[in-house]
Amino acid sequence: MRLIKTIPVIAILVFAFSGSIDAQCKAFAKKECLPELQPYTHDGNYHAAVLVEGEEAELYKTFYSDMEYRVSIVGESKLPAIEFKVLDINKNVLYSNKDKDFASTWDFKLQASQQLKIVVKVSSFNKPGDTPASGCVAIMFGFKMKK
Amino acid sequence: MDKKNRISSVVFLVFILAISLITGCKSGTKPPKEEQEVKLPENITEIKQDIDQAKKIFSALPSPLESAMLIKSAGANFDEKLLNPVSKQNNYVTSKSMALNLGVYTCDLSFASLYEQTNLLIPYMEAAKRMADGLGILQAIEKEDIDRLEENINNSEVIMDVVSQTFMNSNSYLSDNGQPATAATVLVGGWIEGLYISTQLVEMKDFNTNKLVGRIIDQKLSIDILVDLLNRSKGVPSIDELIVQVSKLKAVFDKIKITTGAVRPEYDQTSNSTVLKSEVTTDMTPETFLELSKIVAEIRNSFVN
């Protein structure tokens, strides 16, 4: 009987905890990722998720030839380096931040509009036996009209 | 079923619920396409291998602000008649119509702000706020945002910042609170409104020279992203209705040909940025454009009427 009374409490706590993680992720994205877009204008879209060491995320977006873009991809400090690659529709790698000391931003413009894929991966601390680190990773885009 | 088994069943159900709450309510994400057999790994290395196979997938449609910027960058003129009048805001009482028109009004607000139509900014911001409030989106658009807009009515940078912040507040709230279908509906409303304004601004006598035609063709690149976004909430009746409408639009976009050559990244030292060079050829006949305009207008009018 006591167990049955405890279960709803646990369920509520789990729900509240997951909501709190999401709120923290949004606060993190606003505080750490958004400022990196300056002097570009943030497009207003929000993409963030809690990722675990070794986990990957993919994002698909169309980029237009009339614009200049900055992508900002930032992970919480408790995570190892965040790798990201930008690929065209034929899976050719156009940019990898691994070659730029894991830079968190990349500025680019396009001769012709393209749909691109961005692959984000939380690298690994390579400590076998340890619990994998997890934390928020935010992806944001800024743009301005091409000069 | 005896008492012990009933308790075990309840414990199991709550465990499943807890796991699904933790893993299933993330914004803009979807589980791996193929379900895998559930197996408890024996060591941490196996857990890491499992994580390596997991993928979260985001689909990003152009935001209302970006859609409006594309119209302006093509050199189009502002036309207030194309906006959804704020007087209609009282008509939207269902969650679906409020979500669609949150996107529509945000796009109109973005369009007006980029063309410095200062007299329209506050009414459209208030209309967007009414939609967000109706959807229960807490703190999406606050009085301070409207005050900031009023105080900086001639400062386009601040205005764009306010618009982008309020839009982010809305879509992050919906995504973070387990309402991906509503978040997708807002994005669809904004995207269709941008496409509607674009198609209405093209006069057939300028079809071959109007730069906006190129930007409309470019939207073909986003139609699959849109379909994918909606398919993640398939089964929700309001989303299923949108899927039917968007499928008709996709059928017309499928008539447009886009051929893309290899993309070559080149670093431009003067701007400190990479230029993605490529040759693209596109082909859209005037007939296809007219068909596209007609379908877009039908869909948009179903959103606002």
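As the structure is a computational prediction, the values presented were derived from the model and not from experiment.

Undergrad: I tried to follow the overall build of chain A on my own but got confused; where do I start?
TA: For chain A, the helix and strand inventory stands at one helix and nine strands. What you see in chain A, going N to C, is helices and strands ordered as α-β-β-β-β-β-β-β-β-β. Split into buried and exposed, the 147 residues of chain A put 45% on the buried side. For chain A, long-range pairs separated by at least 24 residues make up 81% of all intrachain contacts whose partners lie at least 6 apart in sequence.

Undergrad: Is there a simple way to think about the overall build of chain B in this case?
TA: Counting secondary structure elements, chain B contains 12 helices and five strands. A burial count over chain B gives 40% of its 305 residues as buried. In chain B, the proportion of contacts linking residues at least 24 apart, taken out of those at least 6 apart, comes to 72%.

Undergrad: It is not clear to me how the nonpolar core should be interpreted in this structure. Could you clarify?
TA: By size, the foremost hydrophobic cluster in this structure holds 112 residues, and its most contacted members are Ala29(A), Val137(A), Ala138(A), Leu102(B), Ala128(B), Met131(B) and Leu226(B). Val202(B), Val213(B), Ile217(B) and Met284(B) belong to the second-largest nonpolar core, a separate cluster that totals five residues.

Undergrad: How should I be thinking about the sheet that holds strand β8 (residues 114-122) of chain A in this particular structure?
TA: The strands making up a sheet are joined through hydrogen bonds of the backbone, oriented either antiparallel or parallel. Judged by pairing direction, the sheet is mixed, and its five strands sit side by side in the order β6(A)-β5(A)-β8(A)-β3(A)-β1(B) without closing on themselves. Looking at the sheet topology across the chains shown, the edges are occupied by β6 (93-96) of chain A together with β1 (55-60) of chain B. Across the sheet, the mean angle separating the axes of adjacent strands is 20° when strand polarity is ignored. The pairing of strand β3 (residues 56-63) of chain A with β8(A) spans eight bridges and is classified as antiparallel. Of the residues in β8(A), the one forming a bridge with Ala57(A) is Val120(A). Packing of helix α10 (residues 220-231) of chain B onto the sheet brings it into contact with β3 and β8 of chain A together with β1 of chain B, and relative to β3(A) it is tilted by some 135°.

Undergrad: Can you help me understand the environment of Leu61(B) in this one?
TA: Residues and elements named next belong to chain B. Checked against the element boundaries, leucine 61 lands in the loop between β1 and α3 (64-73). Owing to 24 C-beta atoms within 10 Å, leucine 61 belongs among the buried residues under this scheme. When the C-alpha positions of leucine 61 and phenylalanine 111 are compared, they lie 17 Å apart, and in sequence the two are 50 residues distant. Setting aside its immediate chain neighbours within four residues, leucine 61 contacts Leu187, Trp191, Ser222, Ile225, Leu226 and Leu229.

Undergrad: What exactly am I supposed to notice about the confidence of the model for chain B here?
TA: The predicted structure's coordinates, where accompanied by low pLDDT, should not be read in detail. Residues and elements named next belong to chain B. On average, residues of chain B score 85 in pLDDT, and 82% of them are at 70 or above. Segment residues 13-42 is flagged for pLDDT under 50; beyond a separation of four residues in sequence, or across chains, it makes 33 contacts in the model. We note a pTM of 0.82 for the whole complex and an ipTM of 0.84 for its interfaces.

Undergrad: Would you take a moment to explain helix α5 (residues 118-134) of chain B for this structure?
TA: Helical geometry note: an α-helix holds 3.6 residues per turn, so side chains three or four residues apart project in the same direction. Residue and element names in this part refer to chain B. Helix length check: α5, at 17 residues, gives a terminal C-alpha distance of 25 Å against a target of 24 Å (1.5 Å per residue), a fit within 8%. Where α5 is concerned, the buried positions are Leu121, Tyr124, Met125, Ala127, Ala128, Lys129, Met131 and Ala132. Tucked inside the fold, the buried residues of α5 contact α4 (95-114), α6 (143-151) and α7 (156-176). Of the residues trailing α5, glycine 136 is marked for its positive phi of about 75°.

Undergrad: I tried to follow unusual backbone geometry on my own but got confused; where do I start?
TA: Phi is mostly negative for residues that are not glycine, and the peptide bonds are mostly trans. The residue after Gln38(A), namely Pro39(A), is reached through a cis peptide bond having omega 10°. Note that Pro39(A) resides in the loop between α1 (2-33) and β1 (41-42). For Glu116(B), which is not a glycine, the phi torsion comes out positive at approximately 55°. Given 13 C-beta atoms within a 10 Å radius, Glu116(B) is considered partly exposed.

Undergrad: What is the right way to look at the confidence of the model for chain A in this model?
TA: Summary statistics for chain A give a mean pLDDT of 86 and a share of 85% for residues scoring 70 or more. Residue range residues 7-19 of chain A is modelled with pLDDT below 50. Its contacts to residues more than four positions away, or to other chains, number 14 contacts.

Parameters at a glance
- Residues numbered from 1 in each chain as written.
- Chains lettered and ligands numbered in written order.
- Predicted model: local features only at pLDDT ≥ 70, side-chain atom pairs only at ≥ 80, totals over all residues.
- Helix = DSSP H or I, 4+ residues; strand = E, 2+ residues; numbered from the N terminus.
- Buried ≥ 20, exposed ≤ 12 C-beta atoms within 10 Å, placed from the backbone.
- Contact = placed C-beta atoms within 7 Å.
- Core = buried A, V, L, I, M, F, W, Y, C linked by C-beta atoms within 7 Å.
- Pairing = 2+ DSSP bridges.
- Axes fitted to C-alpha atoms, helices over the stretch in contact; angles between N-to-C directions.
- pLDDT = per-residue confidence, 0-100.
- Expected span 1.5 Å × (residues − 1).

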